[in-house]
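A closer look at the structure
This is what each chain is made of:
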2 protein chains.
Amino acid sequence: MKAAPPLWNRPSGPKRTRIQTRNRQAILEAGLDVFSAQGFRGATLDEIAAAARLSKPNLLYYFPSKEAIHTALLTQLLDTWLDPLRELDPEGDPVEELLTYVRRKLELSRDYPRESRLFANEILQGAPRISDAIEGDLHRLVAEKAHVLQRWMDTGRIARVHPVHLIFSIWALTQHYADFDMQVSAVLGDGEDPYPEAGVYLDTLFRKLLAP
Amino acid sequence: MKAAPPLWNRPSGPKRTRIQTRNRQAILEAGLDVFSAQGFRGATLDEIAAAARLSKPNLLYYFPSKEAIHTALLTQLLDTWLDPLRELDPEGDPVEELLTYVRRKLELSRDYPRESRLFANEILQGAPRISDAIEGDLHRLVAEKAHVLQRWMDTGRIARVHPVHLIFSIWALTQHYADFDMQVSAVLGDGEDPYPEAGVYLDTLFRKLLAP
DNA sequence: GCTTGATTTGACCAGTTGGTCAAAGCGAGG
DNA sequence: CCTCGCTTTGACCAACTGGTCAAATCAAGC
């Protein structure tokens, strides 16, 4: 008789059954598809439910609201997205460290374009749901790494440019291939994968820019 | 007694009264605000009407549908957006021509960020409403200008890189400052205008890249 | 100040939206 | 094979969506 409280409102710890793990995963996967293609307001629960092969009320048994799905995706994403920057090693060879970062970021665009677009959509619309993380974690991480870059410049190991704009340019150039994929494909009469050429181009670009 | 047919369905030519010009302008302005901030599906007629200080039925007296406003904005925009590329002069000094293009494109980002975001939103979502223009005019223009770049490279006047990816990189780097404005401001503890530094940075970057 | 067409609007509509709820189905441990 | 809590769902709701319509208001030339 007594109805079970919704999953997300249960007082007990996060001990998940197999079904829960599977369904939560399916919902996040479906949400990624829909949110990245339509933006937050453009996405509908019905669409997400259909993509996850669940009924709409069933969706809301696993997540309390549309916004909760979106937030779960974004916070989970931000970590993965910043990992390559975190791994920039102050002790490594400056140019190679930066080129590795560029390469890894380009691989993220190639392998996880939906994640990139989800993020782009959110930032485009003023990042109302992750402005805290942007102004907090992200700001700190960039400040820290900019400091590393500054030291490399001061010791003459890479050319002297504005360190934060250098980071911006890496983001812009790599994310462009995921976020503007439609445009990239249409302009390069498609059929061919743009990523190999992009890799070569970016390697050249940053080598020339950073050469002391 | 006889009701006037809606403005957009009138058989006569486009002779517009002062009121028509004013209101159409107000609607496009409001539409730009809302579409660029919310995307097509996320924008609502009520919001646009409120921003234009018109009633919703009044909106639909000047435009037949939500989509018509969006399309009007996009087609009008695409031309302005490509102008700087059109002006790239095959007879000019290669490096200066390209740096001028970069500079003008960065000015567009600074002065028309809403237009940039409107475009970004549309491309992000697969450009369902302007894929024709992208695959047609844009593709042709880029092919033509890539040919110019190729000649400059063949005659040793700029360094040899993939010409289309060179154009992509200019787009990516300049539009980033408009489209990801929120992120840029948050990362550079804001308060200061990022554009002057960005101009210097991009100038350096492309000078080094293009130096033969 | 009257007429005629341009402009504006309140009331309305059918379809969609995010979200709720009580009841029904299900499966693993006893 | 039976219970009991986990899972699923059909029916429903109020708010909102893009869009329509007939009637009311306005404004400029006569």
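About the criteria used
- Residues numbered from 1 in each chain as written.
- Chains lettered and ligands numbered in written order.
- Predicted model: local features only at pLDDT ≥ 70, side-chain atom pairs only at ≥ 80, totals over all residues.
- Heavy atoms only, no water.
- Domains from an automatic or database assignment.
- Buried area = accessible area lost by both parts, 1.4 Å probe.
- Salt bridge = Lys/Arg side-chain N within 4 Å of Asp/Glu carboxyl O.
- Polar contact = N/O pair within 3.5 Å; in protein donor to acceptor, adjacent residues only side chain to side chain.
- Helix = DSSP H or I, 4+ residues; strand = E, 2+ residues; numbered from the N terminus.
- Nonpolar A, V, L, I, M, F, W, Y, C, P; charged D, E, K, R; others polar.
- Axes fitted to C-alpha atoms, helices over the stretch in contact; angles between N-to-C directions.
- Parallel < 35°, antiparallel > 145°, perpendicular 65-115°, else oblique.
- Contact = heavy atoms within 4.5 Å.

What follows deals with the domain arrangement of chain A. All names here are of chain A. Domain annotation of chain A identifies domain 1 (18–68) and domain 2 (71–210). Here domain 1 and domain 2 have C-alpha centroids that lie 28 Å from each other. Note on domain 1 versus domain 2: buried area summed over both sides is about 1100 Å², and carbon and sulfur give 58% of it. It is Leu28, Leu32 and Ser36 in domain 1 that bury the most area against domain 2; as a group they hold 46% of the surface buried on that side. Viewed at the interface, domain 2 and domain 1 are joined by two salt bridges. Its salt-bridge partner being Arg114, residue Asp33 comes within 2.7 Å of it at the nearest N-O pair. For the pair domain 1 and domain 2, the interface holds six residue pairs in polar contact (both at pLDDT 80 or more). Contributions of two or more residues to the side of domain 1 that touches domain 2 are made by helix H1 (18–42) and helix H4 (66–86). The element best represented in the side of domain 1 that touches domain 2 is H1, accounting for nine residues. Looking at the side of domain 1 that touches domain 2, its residues break down into six nonpolar, three polar and three charged.

With that out of the way, let us pick up the environment of Lys66 of chain B. Residue and element names in this part refer to chain B. Following the sequence through the fold, Lys66 ends up in helix H4 (residues 66–86). With 79 residues separating them along the chain, Lys66 and Lys145 place their C-alpha atoms 35 Å apart. A polar contact is formed between the side chain of Lys66 and the backbone oxygen of Ala43, at a distance of 2.7 Å.

Moving on to the packing of helix H8 (residues 163–179) of chain A against helix H10 (residues 195–210) of chain A. Residue and element names in this part refer to chain A. One way to put it is that H8 packs onto H10 with a least axis distance of 11 Å and a crossing angle of 170°. Classified by the angle their axes make, H8 and H10 are roughly antiparallel. On the side of H8, the interface is formed by Leu166, Ser169, Ile170, Leu173, Thr174, Tyr177 and Ala178, while H10 contributes Tyr195, Ala198, Leu202, Leu205, Phe206, Leu209 and Leu210. Of the residues assigned to the contact of H8 with H10, the class counts are 12 nonpolar, two polar and no charged.

So, on to the packing of helix H6 (residues 113–124) of chain A against H8 of chain A. When two helices pack together, their arrangement is given by the angle between their axes and by how far apart the axes lie. Residue and element names in this part refer to chain A. Where H6 meets H8, the closest approach of the two axes is 8 Å, and the angle between their N-to-C directions is 105°. In terms of orientation, H6 and H8 fall into the roughly perpendicular class. Side by side, H6 and H8 meet where Pro113, Ser116, Arg117 and Ala120 of the first sit next to Gln175, Ala178 and Asp179 of the second. Residue classes in the contact of H6 with H8 are distributed as three nonpolar, two polar and two charged.

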